[in-house]
Amino acid sequence: MSEIIVGIDLGTTNSAVAIVQDGQPRLLAKGDQKIIPSVVAYSKQVGWLVGRPALNQYVLDPDNTVRSIKRKMGSDERIKLGDREFSPQEISAFILRELKTIAEESLGQPVTKAVITVPAYFTNAQRQATKEAGTIAGLEVVRIINEPTAAALAYGLNEDDDQMALVYDLGGGTFDVSLVEMMGGVVEVRASHGDTCLGGDDFDYKLAEHAHKLFEAKHKTSLHGNRLALARLRHAAEMAKIELSTFPETHLREEYLAEHNGTPLHLDELLLRREFEELTEDLLNRTTESLKKVLADAKLEVGDLSRVLLVGGSTRMPAVWNLVQEFTGIEPDAEINPDEVVALGAAVQAAIIAGQPVDSILVDLTPYSLGIESATIMNGQVIPDIFTVLIHRNTTIPVTKEEIFYTLHPNQDTVEIKVYQGESPQASANTLLGEFMIKNLKSTKPGENPSVHVRFDFDVNGMLNVKATNHVTGSQEAITVEATQATLTLNELAEARRQLAELNTYEDFEDDDDFDDEESEVELEEVSPEMDAETAALLQRAQGLLDGGALTKTQAIQLKTLIDGLNEAETQDKLDELSEELLDVLFDLE
Ligand code: AMP
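Because the structure is a prediction, the values reported are computed rather than measured.

## Things to note about the environment of Leu271
By the element assignment, Leu271 lies in strand E16 (residues 263–272). Not counting chain neighbours up to four residues away, the residues in contact with Leu271 comprise Leu207, His210, Leu244, Pro248, Glu249, Thr250, Leu252 and Phe276.

## As for the sheet that holds strand E17 (residues 307–311)
Strand order in the open sheet formed by four strands is E14-E13-E12-E17, and the pairing between neighbours is mixed. Looking at strand neighbours, the two that pair on one side only are strand E14 (186–195) and E17, the edges of this open sheet. Each strand axis lies, on average, 20° off the axis of its neighbour in the sheet, ignoring direction. In the sheet, strand E13 (residues 175–183) pairs with E14 via nine bridges, with the strands oriented antiparallel. In the strand pairing of E14, Glu181 is matched with Glu188.

## Here we look at the site of the ligand
Taken together, the neighbourhood of the ligand is formed by 16 residues, with Asn14, Glu238, Lys241, Ser245 and Gly313 sitting nearest. The contact in question runs from an oxygen atom of the ligand to an N or O atom on the side chain of Glu238, over 2.6 Å. Residue Gly313 places a main-chain N or O atom 2.9 Å away from an oxygen atom belonging to the ligand. Across the complex, the protein chains shield 87% of the 500 Å² of accessible surface that the ligand would expose by itself. For the shell around the ligand, the element with the highest residue contribution is helix H6 (residues 227–243), accounting for three residues.

## A short note on the pattern of salt bridges
Within this structure, the stated rule accounts for 23 salt bridges. Note that Lys100 is salt-bridged to Glu104, the shortest N-O span being 2.9 Å. Placement of both Lys100 and Glu104 in helix H2 (residues 88–107) is noted, with a separation of four residues, approximately one turn of the helix. A relative accessible area of 15% places Lys100 in the buried class. A residue is classified by how much of its surface remains accessible, and Glu104, at 22% relative accessible area, is partly exposed. Put simply, Glu331, Arg393 and Glu423 are held in one network by salt bridges that share partners.

## Examining the packing of helix H1 (residues 52–60) against H6
At their nearest, the axes of H1 and H6 sit 8 Å apart, and the two run at 135° to each other. Compared by their axis directions, H1 and H6 come out oblique. On H6, the residues that touch Tyr58, Val59 and Leu60 of H1 are Leu228, Ala231, Arg232 and Arg234. When the residues that make up the contact of H1 with H6 are grouped by side-chain class, the tally is five nonpolar, no polar and two charged.

## Quick word on the pairing of strand E12 (residues 163–170)
Taken across its eight residues, E12 has eight buried, putting it largely inside the fold. Residues of E12 alternate between two faces, with Gln163, Ala165, Val167 and Asp169 on one and Met164, Leu166, Tyr168 and Leu170 on the opposite face, all of them buried. Relative to E13, E12 is paired through eight bridges, and the arrangement is antiparallel. Bridge pairing in E13 places Gln163 opposite Met182. In the sheet, E12 pairs with E17 via five bridges, with the strands oriented parallel. Bridged to Tyr168 within E17 is Leu310.

## Here we look at the confidence of the model for the protein
Chain-level pLDDT for the protein is 88 on average; 93% of the residues reach the 70-or-more range. Overall, residues 504–520 carries pLDDT values under 50, and its contacts beyond four positions in sequence, including any with other chains, amount to 49 contacts. For the stretch residues 523–530, pLDDT sits under 50, and the model shows 18 contacts to residues farther than four places along the chain or on other chains.

## A word on the domain arrangement of the protein
On domain assignment, one finds that the protein holds domain 1 (5–199 + 283–365), domain 2 (370–481) and domain 3 (508–589). Relative placement of domain 1 and domain 2: their C-alpha centres are 37 Å apart. Across the boundary between the two partners, domain 1 contributes five residues, which contact five residues of domain 2. Taken together, the two surfaces of domain 1 and domain 2 that pack against each other cover about 650 Å², and 46% of this comes from carbon and sulfur. Three residues, Glu331, Asp364 and Leu365, lead the burial of domain 1 against domain 2; their summed loss comes to 64% of the area buried on that side. Summed over the shared surface of domain 1 and domain 2, the number is one salt bridge.

## Quick look at the sheet that holds strand E6 (residues 47–50)
The sheet built from three strands is open, its strands ordered E6-E5-E7 with antiparallel pairing. Each edge of the sheet is formed by a strand with only one pairing partner; in this case those strands are E6 and strand E7 (65–66). As judged from the four bridges shared by strand E5 (residues 40–43) and E6, these two strands associate in the antiparallel manner. Bridge pairing in E6 places Ser43 opposite Gly47. On top of the sheet, H1 reaches E5, E6 and E7; it is set at about 105° to E6, its chief contact. The sheet contacts of H2 involve E5, E6 and E7, and relative to E6 the element is tilted by about 70°.

## Points about a negative patch on the surface
A contiguous patch of negative charge on the surface is contributed by Asp573, Asp576, Glu577, Glu580, Glu581, Asp584 and Asp588. Within the secondary structure layout, Glu580 lies in helix H15 (residues 572–589). With a relative accessible area of 56%, Glu580 lands in the exposed category.

## A short note on the nonpolar core
One finds Leu166, Tyr168, Leu170 and Leu179 to be the most contacted residues of the largest nonpolar core, which totals 43 residues. Ignoring any residue separated from it by four or fewer positions in sequence, one finds Leu170 in contact with Phe175, Leu198, Gly199, Phe203, Leu284, Val311, Gly312, Gly313, Ser314, Thr315, Met317 and Val320. Counting 37 residues, the second largest nonpolar core, distinct from the first, contains Val20, Ala154, Val341 and Ala346.

## Digging into H15
Between its first and last C-alpha atoms H15 spans 25 Å; for 18 residues at 1.5 Å apiece the expected length is 26 Å, and the two agree. Among the residues making up H15, those that are buried are Leu575, Leu578, Ser579, Leu582, Val585 and Leu586. Buried positions in H15, seen along its axis, are confined to an arc of 125° and lie on one side of it. Opposite the packed face of H15, turned more than 90 degrees from it, sit the exposed residues Asp573, Glu580, Asp584, Phe587 and Asp588.

About the cut-offs
Residues numbered from 1 in each chain as written. Predicted model: local features only at pLDDT ≥ 70, side-chain atom pairs only at ≥ 80, totals over all residues. Heavy atoms only, no water. Helix = DSSP H or I, 4+ residues; strand = E, 2+ residues; numbered from the N terminus. Contact = heavy atoms within 4.5 Å. Pairing = 2+ DSSP bridges. Axes fitted to C-alpha atoms, helices over the stretch in contact; angles between N-to-C directions. Near = heavy atom within 4 Å. Polar contact = N/O pair within 3.5 Å; in protein donor to acceptor, adjacent residues only side chain to side chain. Areas by Shrake-Rupley, 256 points an atom, 1.4 Å probe, with all protein chains shown as cover. Salt bridge = Lys/Arg side-chain N within 4 Å of Asp/Glu carboxyl O. Buried < 20%, exposed > 50% of the residue type's maximum accessible area, 1.4 Å probe, protein only. Parallel < 35°, antiparallel > 145°, perpendicular 65-115°, else oblique. Nonpolar A, V, L, I, M, F, W, Y, C, P; charged D, E, K, R; others polar. pLDDT = per-residue confidence, 0-100. Domains from an automatic or database assignment. Buried area = accessible area lost by both parts, 1.4 Å probe. Patch = residues over 30% accessible without salt bridge, like charges linked within 9 Å, V, L, I, M, F, W, Y side chains within 5 Å. Lys, Arg positive; Asp, Glu negative; His and termini not counted. Charge placed at Lys NZ, Arg CZ, Asp CG, Glu CD. Core = buried A, V, L, I, M, F, W, Y, C linked by side-chain atoms within 4.5 Å. Expected span 1.5 Å × (residues − 1). Arc of directions from axis to C-beta.

Following this line, the structure appears as structure tokens:
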């Protein structure tokens with residue numbers, strides 16, 4: 001039996017253990033649970049609890065439950081649990097021992113050695129405390145490595161020379177951003193900056209606070225001092241937050257949250273992703289400050305970055321992806337499950353130490369963006385043929401995404417859903433996968449345009465199921481089409497991404513909010529333009545400029561708006577007015 005070294009991500013919120021087998025890093029699971037909450041508890045009925053059972057008891061008995069022990073590592077604080085006191089190392093050792101058992105049961109052999117990850121900002125005392133926790137749990141800690149380094153190893157960055165990667169890690173309780181440099185196969189953290197008091201939990205608190213206010217206003221009952229109700233409120237908020245990473249709206253729900261004169265009071269509020277993003281905007285803005293700071297500390301600029309890696313469960317929030325993409329101008333790597341990537345990287349490091357071969361991780365993904373055709377109104381003009389992406393290219397499958405679309409007109413009751421794959425901002429320039437109609441749409445409120453919920457489910461067999469739901473009548477239409485699927489190593493993927501970035505001159509155009517709006521409007525009508533030769537020639541010149549790709553985003557949008565306006569013009573006056581305007585714009589641009 002060969003010696004085994006496991007890789008362990010001992011996280012603030014969650015922990016995991018991984019190993020490299022047959023060259024492939026993989027997580028070791030207990031049943032179907034690959035990740036365990038970093039929670040330890042004491043229950044009078046059943047004794048000591050670790051992981052999910054401990055987290056479950058938090059709601060019932062928060063006083064006998066310890067969360068986020070990682071924050072206390074290196075301190076000499078004592079933690080009271082049951083009728084005993086523990087050091088932070090001893091509490092962490094409970095978690096490590098559970099991971100050791102998971103690994104031993106899964107592998108069917110003893111496990112005594114581990115590589116454990118810590119944040120880049122951990123002091124020597126904190127690193128030493130982590131080692132001691134390992135020893136208490138019966139593990140020889142052969143190496144402590146930095147979490148961003150582990151992420152870089154999981155993505156195989158050590159195999160490429162001279163890279164500068166930015167690792168954006170937003171977990172449950174902490175945020176940190178690091179610059180990781182690869183040189184001659186050596187991976188090193190150049191700079192790191194973070195906020196140890198910012199994480200997914202803060203998003204839950206914000207949302208729970210909002211729900212609390214709504215509840216109080218509706219039921220005229222305060223939950224202050226009701227610890228159990230507040231813990232349940234936070235749990236409901238976290239569930240809603242997670243739902244909103246996939247769906248554009250959800251319900252904040254918790255039954256029997258309190259009672260008033262014997263009447264049970266429930267929480268049930270509709271919450272839009274947009275509302276959630278507004279509520280939590282300031283939290284995300286704090287991460288931008290850290291991004292600026294880490295670059296300044298390393299005396300680097302955004303242009304010096306070659307890769308951006310997303311780590312931590314909270315980076316699944318679409319707003320995070322958008323923020324990081326916008327800040328760096330680089331499409332972030334998020335193919336490896338963000339809450340597994342650190343443990344997988346620790347396993348890669350363990351395999352390197354044990355002299356085991358390691359292959360690049362394989363991922364199944366969608367090599368093209370998938371979306372539907374929509375139209376929007378800009379400056380009073382209808383801009384048709386817009387490709388609205390639901391699933392971005394290079395998304396790991398299986399994946400589900402849902403968005404809400406509104407009709408262009410209040411009394412429009414039918415829309416045609418055209419499903420495309422490709423990267424052009426112009427829907428018709430992509431590959432049409434299928435189309436269908438959804439009828440009898442009605443508005444939810446008088447004067448409001450009817451809406452349709454469009455859901456994309458892309459499964460592991462490459463089948464894309466598209467479902468459109470009329471939420472007023474509940475009727476649904478669906479089609480299943482075959483979309484292109486790929487299995488790539490992460491290095492092949494990075495190369496493909498680089499090549500595409502060079503070809504894609506309209507990248508920034510595509511990412512413009514107006515063209516990728518969560519609530520774009522679905523086009524219904526097509527207007528046939530009547531055009532004279534002079535205007536047609538102008539249009540050709542404008543299209544030529546647009547295709548040349550040398551325009552700024554604003555110029556491209558201005559030109560595209562005019563082109564579409566001309567194509568849409570219904571009267572001679574409008575046509576003349578717009579062609580004159582186009583002539584002026586072309587004069588400036590050419
Ligand atoms: P980690 O510490 O990396 O395990 O991250 C845990 C945090 O990620 C918790 O705050 C979770 O609520 C959050 N999280 C997990 N999945 C999602 C999701 N799909 N969308 C938003 N947050 C998530």
